[in-house]
Number of protein chains: 2
Amino acid sequence: MPQAILYRAQDLTDYMVRFFRKLGVSQPHAERAAEILISADLRGVSSHGIIRLHSYYGSRILKGLIDPTSPFTTVRESPSTLLIDGGNGLGMVVGYHAMTTAIEKARHSGVAFVTVRNSNHYGIAGYYAMMALPHDMIGISFTNAQPLVAPTYGRTRIIGTNPIAVAAPALHERPYVLDMATSIVPIGKITVYDKAGETIPEGWGVDKNGVVTTTPAEVLKGGALLPLGGSDIMRGYKGYGLGLMVDIFTGVLSGAAFGPEVGAPGRDAPANVGHFFAAVDISAFRDLEGFKSDLDSLIHTLKEAPKALGQERIYIHGEKEFELYERNTREGVPLLVEVVKGLREAGEQVGVAFDLEAVGETSGEEE
Amino acid sequence: MPQAILYRAQDLTDYMVRFFRKLGVSQPHAERAAEILISADLRGVSSHGIIRLHSYYGSRILKGLIDPTSPFTTVRESPSTLLIDGGNGLGMVVGYHAMTTAIEKARHSGVAFVTVRNSNHYGIAGYYAMMALPHDMIGISFTNAQPLVAPTYGRTRIIGTNPIAVAAPALHERPYVLDMATSIVPIGKITVYDKAGETIPEGWGVDKNGVVTTTPAEVLKGGALLPLGGSDIMRGYKGYGLGLMVDIFTGVLSGAAFGPEVGAPGRDAPANVGHFFAAVDISAFRDLEGFKSDLDSLIHTLKEAPKALGQERIYIHGEKEFELYERNTREGVPLLVEVVKGLREAGEQVGVAFDLEAVGETSGEEE
């Protein structure tokens, strides 16, 4: 029995567009949201792709918790800054608009910052950062998210996994694309270990008393994730500080929710998520070719550096995802059997049958 | 016998001014550099304060490796961006000028980025980020530094400890001030363990084969520090990615050195360090009071959250340093006996005797 079934990315995209259309999302908005979700599946970040179609978006539109018309509005604007109210619409729709505007503004002013309040989950942060690349700019995006991470010396979930994404273009090399949660691992990773009956590495999470535990169920039931770094001795307060920085730029600077007030997708209230986007026109600082060839040089130096015992390769951030993107585009996007089951059920509920033609199957793998 | 001797901050500052003046630094530049170095000692970051007066600055001016006139020049400029050539001068002098300019530009354009190339060690990154606070702005500063950190799966020193500093103003609470190296610990921390004959926690560093070691001497002799996160399973590639991000914004974007080419203070060649500064005018996005009271609220929530077993306090970034600043301003700056010895020797060499009146002594402590 296969663990994962392969589907053409285009088929999955088309399906998501039909799904969103059925829920009252306009054609261009549906295409935008589907494109951003499939980009996660293609890049191997399946936790942020089609698996969330119903739980994060469809079910919340049905409950009236997300406005499918995504009526975002400009709140405050200058040549290099913008605050947008997301109108409680789809995060992908306002996110794309926000980053597009940041890029346009940076073309004139060299650098531009855009914040968004009153939004929802926007998929992978890296998508927006990467939007800057074809424009020869550096792109940045952060978002806050439902509380899951305990601060250093705390024991409750106060900060989201608040990701940081930064993309910079190289010349011949692939671009640098950092897209990282500021927690060590996402909560879904803890669930995977719990289901498999395995222990988690010491430092990934704490139990309800704030004590580091290797039992995943203790993190899931009343415990919390730890920030990057983990415990105090490993300087987990730095990851905590980065998560807080993201909350300041996304929640506090925009007037969105922050800390424990950011809505979880499973909570029956508007999420009021905050996002942050920045674009930096490289040519405002130095000649583009110089930047790109220097980044190539830095990447070469890293890739060709001596490897640790037993290691064969040093990676640049984004490299694994580009390789998965190419493979999944070519061979199909793998969806776990249980994910397909969930899509079939959601499709029935919404009235858009998930009956796509599979193009293969795999024994499954952890991306 | 005391481990540390206490001196008045003003006396130490005045001494550093005389020291720099003797080496050909102008009065305003000497005052600037001294003020930034003493701020590190006052905030308890003694590794970046007066201890470096000769090794990072004085000895290099004497050798002709730093230009004491700090002849920085504007290379490229727009209303919201600026690239400065530091003229191989003091990092503190060009750094102060760069951040001041970022703040002035952000007052008009909402956000401004300034990069600096051809510079030297600039002290603590947090000083520059905090310069934004009295202007009701968010401040950011990064710098690259001599290579000390191995990339994930590597074993040689390629990336600096490349710090990230971000400061944001609150209303009644103290500001949020993140000032963190992107390595787990600085190299000096490994030296301290080595001298004390103690083992280091697993994950702080690797030996010459890239294998995690608990023997500090193995990190010091041919090994390397690990990035925040540490080993692969704890997601050390995120800390590696942040260190790389800092190198892109400081080294690659400015045209400074990057990666292993950034000069070490002990190397007889210009360092060509790169810096990055940003200022964000909060009122370009939302009303200042709203931002500040929301940040207060986030800080309250964190401080009042339930504590982990055995812990009594949850800290906000910068809080410990503000408390040390107040204590050291009141009681004197503690300098280890061996640091005082080094200052006396350097003073003799330069011709500015270090003969300050002590105001007390302590049994020493690790800040």
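Throughout this description, residue numbers start from 1 for each chain and increase along the sequence as written. Working convention: letters from A go to chains and numbers from 1 go to ligands, in the order in which they are written. Only residues with pLDDT of at least 70 are given local features in this predicted model, and only at 80 or more are side-chain atom pairs given and counted; all residues enter the totals for whole chains, interfaces and linings. With hydrogens and water set aside, each side-chain value is computed from the structure's full complement of heavy atoms.

1. Some remarks on the overall build of chain A
Here a helix means four or more residues in a row that DSSP labels H or I, a strand means two or more in a row labelled E, and each is numbered from the N terminus. A count of helices and strands for chain A gives eleven helices and twelve strands. In terms of overall dimensions, chain A is globule-like: its C-alpha atoms have a radius of gyration of 20 Å, near the 21 Å expected for 367 residues. On the principal axes, the C-alpha backbone points of chain A span a range of 55 × 50 × 40 Å. The contact criterion used throughout is that any non-hydrogen atoms of two residues lie within 4.5 Å. Sequence separation of at least 24 residues holds for 67% of the intrachain contacts in chain A that already meet a minimum separation of 6. All accessibility values rest on the Shrake-Rupley procedure with a 1.4 Å probe; residue burial counts only the protein chains present in the view. Surface summary for chain A: the accessible area is close to 13400 Å², and the carbon and sulfur share equals 50%. In this tally Asp and Glu are treated as negative and Lys and Arg as positive; neither His nor the chain ends contributes. Working definition for charges: the position is that of NZ of Lys, CZ of Arg, CG of Asp or CD of Glu. The distance from the centre of the 33 positive side-chain charges to the centre of the 42 negative ones in chain A is 4 Å. Atoms counted for the radius of gyration: C-alpha only. Globule rule: 2.2 Å times the number of residues to the power 0.38.

2. Some words on the pattern of salt bridges
Residue and element names in this part refer to chain A. For salt bridges, the criterion is a side-chain nitrogen of Lys or Arg within 4 Å of an Asp or Glu carboxyl oxygen. Per the counting criterion, the structure on display carries 36 salt bridges over all chains. A salt bridge links E35 to R32; its shortest N-O distance comes to 3.2 Å. You can see E35 and its partner R32 sitting in helix 2 (residues 27–42), three residues apart, about one turn around the helix. Among the residues examined, E35 registers a relative accessible area of 32% and is labelled partly exposed. Partly exposed describes any residue whose relative accessible area lies between the buried limit of under 20% and the exposed limit of over 50%, with all areas from a 1.4 Å probe on protein chains only and scaled to the type maximum.

3. Quick look at the packing of helix 1 (residues 9–22) of chain A against helix 2 of chain A
Residue and element names in this part refer to chain A. Running from N to C, helix 1 and helix 2 cross one another at 140°; their axes reach a closest spacing of 8 Å. Considered as vectors, helix 1 and helix 2 are oriented oblique to each other. Along this stretch, helix 1 crosses helix 2, giving a crossing that reads as right-handed. Taken together, the residues of helix 2 that come into contact with helix 1 (itself represented by A9, L12, T13, M16, V17, F20 and R21) are Q27, A30, E31, A33, A34, L37, I38 and L42. Three residue categories are used. Nonpolar comprises Ala, Val, Leu, Ile, Met, Phe, Trp, Tyr, Cys and Pro, charged comprises Asp, Glu, Lys and Arg, and polar comprises the others, including Gly. Of the residues contributing to the contact of helix 1 with helix 2, the split by class is eleven nonpolar, two polar and two charged. Axes here refer to lines fitted to C-alpha atoms; in helices the fit is confined to the stretch in contact. Angles between the N-to-C directions go from 0 to 180 degrees. Each angle gets one of four labels, with under 35 degrees taken as roughly parallel, over 145 as roughly antiparallel, 65 to 115 as roughly perpendicular, and the rest as oblique. In this scheme, a crossing is called left-handed if the near helix is turned counterclockwise away from the far one by less than a right angle; it is called right-handed if the turn is clockwise.

4. What to know about helix 1 of chain A
All names here are of chain A. One less than the number of residues in a helix, times 1.5 Å, gives the span that helix is expected to have. Helix length check: helix 1 (14 residues) gives 20 Å between terminal C-alpha atoms against 20 Å at 1.5 Å per residue, within 8%. Those residues of helix 1 hidden inside the fold are in contact with strand 1 (4–7), helix 2, helix 3 (53–62), helix 4 (91–109), strand 11 (333–336) and helix 11 (337–350). Of the residues trailing helix 1, G24 is marked for its positive phi of about 95°.

5. What to know about the packing of aromatic side chains
The description of an aromatic ring pair rests on the distance of the ring centres and on the angle between the ring planes. Classification of ring pairs rests on two measures: the distance between centres of Phe, Tyr or Trp rings, Trp counted by its six-membered ring, which must be within 6.5 Å, and the angle between planes, read as stacked under 30 degrees, edge-to-face over 60 and tilted in between. Tallying each qualifying case throughout the model produces 33 aromatic pairs over all chains. Ring centres of F142 of chain A and F276 of chain A lie 5.1 Å apart, and the angle between their planes is 25°; on these two criteria the pair is classed as stacked. Within this pair, whereas F142 of chain A is found in strand 5 (residues 137–143), its partner F276 of chain A is found in strand 10 (residues 273–281), the two being separated by 134 residues in sequence. Looking at F142 of chain A, the relative accessible area reads 8%, which means it is buried. You can call F276 of chain A buried: its relative accessible area is 2%. Ring geometry for Y128 of chain B versus F277 of chain B: centroids 5.5 Å apart, planes at 75°, classification edge-to-face. Within this pair, whereas Y128 of chain B is found in helix 5 (residues 125–130), its partner F277 of chain B is found in strand 10 (residues 273–281), the two being separated by 149 residues in sequence. Note on F277 of chain B: relative accessible area 0%, which makes it buried. An aromatic cluster of three or more residues is present, and its members are F113, F142, F249 and F276 of chain A together with F113, F142, F249 and F276 of chain B. Above the ring of Y96 of chain A, the side-chain terminus of R32 of chain A is found at 3.4 Å from the ring centroid. Two limits define a charge over a ring: the Lys NZ or Arg CZ must be within 6 Å of the ring centre, and within 35 degrees of the ring normal. Cation over ring: R43 of chain A sits above F322 of chain A, and NZ or CZ is 5.0 Å from the ring centre.

6. Re the relation of the copies chain B and chain A
Residues below a pLDDT of 70 in either copy are left out; the C-alpha atoms of the rest, at least 70 in both, set the least-squares superposition of the copies. Superposition of chain B onto chain A requires a rotation of 180° combined with a translation of 0.0 Å along the rotation axis, giving an RMSD of 0.0 Å. Both chain copies can therefore be described as sitting about a two-fold axis. Considering only C-alpha atoms, the part of chain B nearest the rotation axis is G229 of chain B, at 2.1 Å. Take the interface residues of chain B: 100% of them recur as interface residues in chain A, which is what a same-surface contact looks like.

7. With respect to the environment of G360 of chain B
All names here are of chain B. Summarising the element assignment, G360 is placed in strand 12 (residues 358–362). Judged by its relative accessible area of 26%, G360 is partly exposed. Each C-alpha atom, one on G360 and one on K292, is 39 Å from the other, the two residues being 68 residues apart in sequence. Ignoring anything within four residues of it in the chain, the contact list for G360 reads I5 and L6.

8. Looking at the domain arrangement of chain A
Residue ranges assigned to each domain were obtained from an automatic or database domain assignment. Taken domain by domain, chain A consists of domain 1 (4–66 + 332–362), domain 2 (73–183 + 226–288) and domain 3 (185–219). Between the C-alpha centres of domain 1 of chain A and domain 3 of chain A there is a distance of 28 Å.

9. Side note on the sheet that holds strand 11 of chain A
Residues and elements named next belong to chain A. When DSSP finds two or more bridges between two strands, those strands count as paired. With respect to topology, three strands assemble into an open sheet ordered 11-1-12, the strand pairing being antiparallel. Of all the strands in the sheet, the pair left with one neighbour each is strand 11 and strand 12 (358–362). Each strand of the sheet is rotated relative to its neighbour by a mean of 35°, with strand direction disregarded. Here four bridges tie strand 1 to strand 12, and the two strands are oriented antiparallel to one another. Its bridge partner lying in strand 12, I5 is registered against E361.

10. A look at the interface of chain B and chain A
Chain B puts 86 residues into the contact, and the matching count from chain A is 86 residues. When two parts are brought into contact, each loses some accessible area as probed by a 1.4 Å sphere; the total of that loss over both is the buried area. Together chain B and chain A conceal approximately 7200 Å² of surface at their shared face, both sides included; 72% is due to carbon and sulfur atoms. Among the residues chain B hides against chain A, the three largest losses belong to Y153, K238 and F285 of chain B. Together they make up 11% of the total. At the surface where chain B touches chain A, the tally comes to two salt bridges. At the level of elements, strand 2 (73–78), strand 3 (81–85), strand 4 (111–119), strand 5 (137–143), strand 6 (164–168), strand 7 (176–180), helix 8 (236–252) and helix 9 (288–303) of chain B are the ones that each hand at least two residues to the side of chain B that touches chain A. Here the side of chain B that touches chain A is built from residues that sort into 50 nonpolar, 24 polar and twelve charged.

11. Remarks on empty space enclosed by the protein
Only protein atoms enter the 1 Å grid used here, on which a cavity is any set of points holding a 1.4 Å probe that cannot leave and a pocket is any open set flanked by protein within 12 Å on both sides along at least five of seven lines; residues with an atom within 4 Å of a point are listed as lining. Grid points are joined across faces, edges and corners, and a volume is the space filled by probe spheres set on the points. Under the counting rule described, the total for this entry stands at three cavities of 30 Å³ or more. Around the largest cavity, the lining comprises 19 residues; the ones closest to its centre are I140 and F142 of chain A together with I140, F142 and M245 of chain B. For the lining of the largest cavity, the secondary structure elements donating two or more residues are strand 5, strand 6 (164–168) and helix 8 (236–252) of chain A together with strand 5, strand 6, helix 8 and strand 10 of chain B. Split by residue class, the lining of the largest cavity holds 19 nonpolar, no polar and no charged.

12. Comments concerning the side chain of T161 of chain B
Residue and element names in this part refer to chain B. If you trace the backbone, T161 turns up in the loop between strand 5 and strand 6. Judged by its relative accessible area of 16%, T161 falls in the buried class. Beyond its immediate chain neighbours, meaning those up to four positions away, T161 contacts Q146, L148, V149, A181, T182, S183 and L225.

13. Brief notes about the nonpolar core
In plain words, nonpolar cores are sets of buried Ala, Val, Leu, Ile, Met, Phe, Trp, Tyr and Cys residues tied together by side-chain atoms within 4.5 Å. Grouped together as the largest cluster of nonpolar side chains are 110 residues, with contacts concentrated most on F113, I138 and F249 of chain A together with F113, I138 and F249 of chain B. Beyond its immediate stretch of four places on either side in the chain, F249 of chain B contacts I138, I140, V166 and V280 of chain A together with F113, T115, F142, H275 and F276 of chain B.

14. Brief notes about the sheet that holds strand 4 (residues 111–119) of chain A
The seven strands are arranged 2-3-4-10-5-6-7 (chain A) in an open sheet whose pairing can be described as mixed. The open sheet terminates on both sides in strands that have one partner only, identified here as strand 2 (73–78) and strand 7 (176–180) of chain A. Each neighbouring strand pair of the sheet contributes to a mean axis angle of 10°, computed without reference to strand direction. Here strand 3 (residues 81–85) of chain A pairs with strand 4 of chain A via five bridges, running parallel. Paired with D85 of chain A across the strands is R117 of chain A, a residue of strand 4 of chain A. Packed onto the sheet, helix 8 of chain B meets strand 5, strand 6, strand 7 and strand 10 of chain A and runs at close to 135° relative to strand 7 of chain A.

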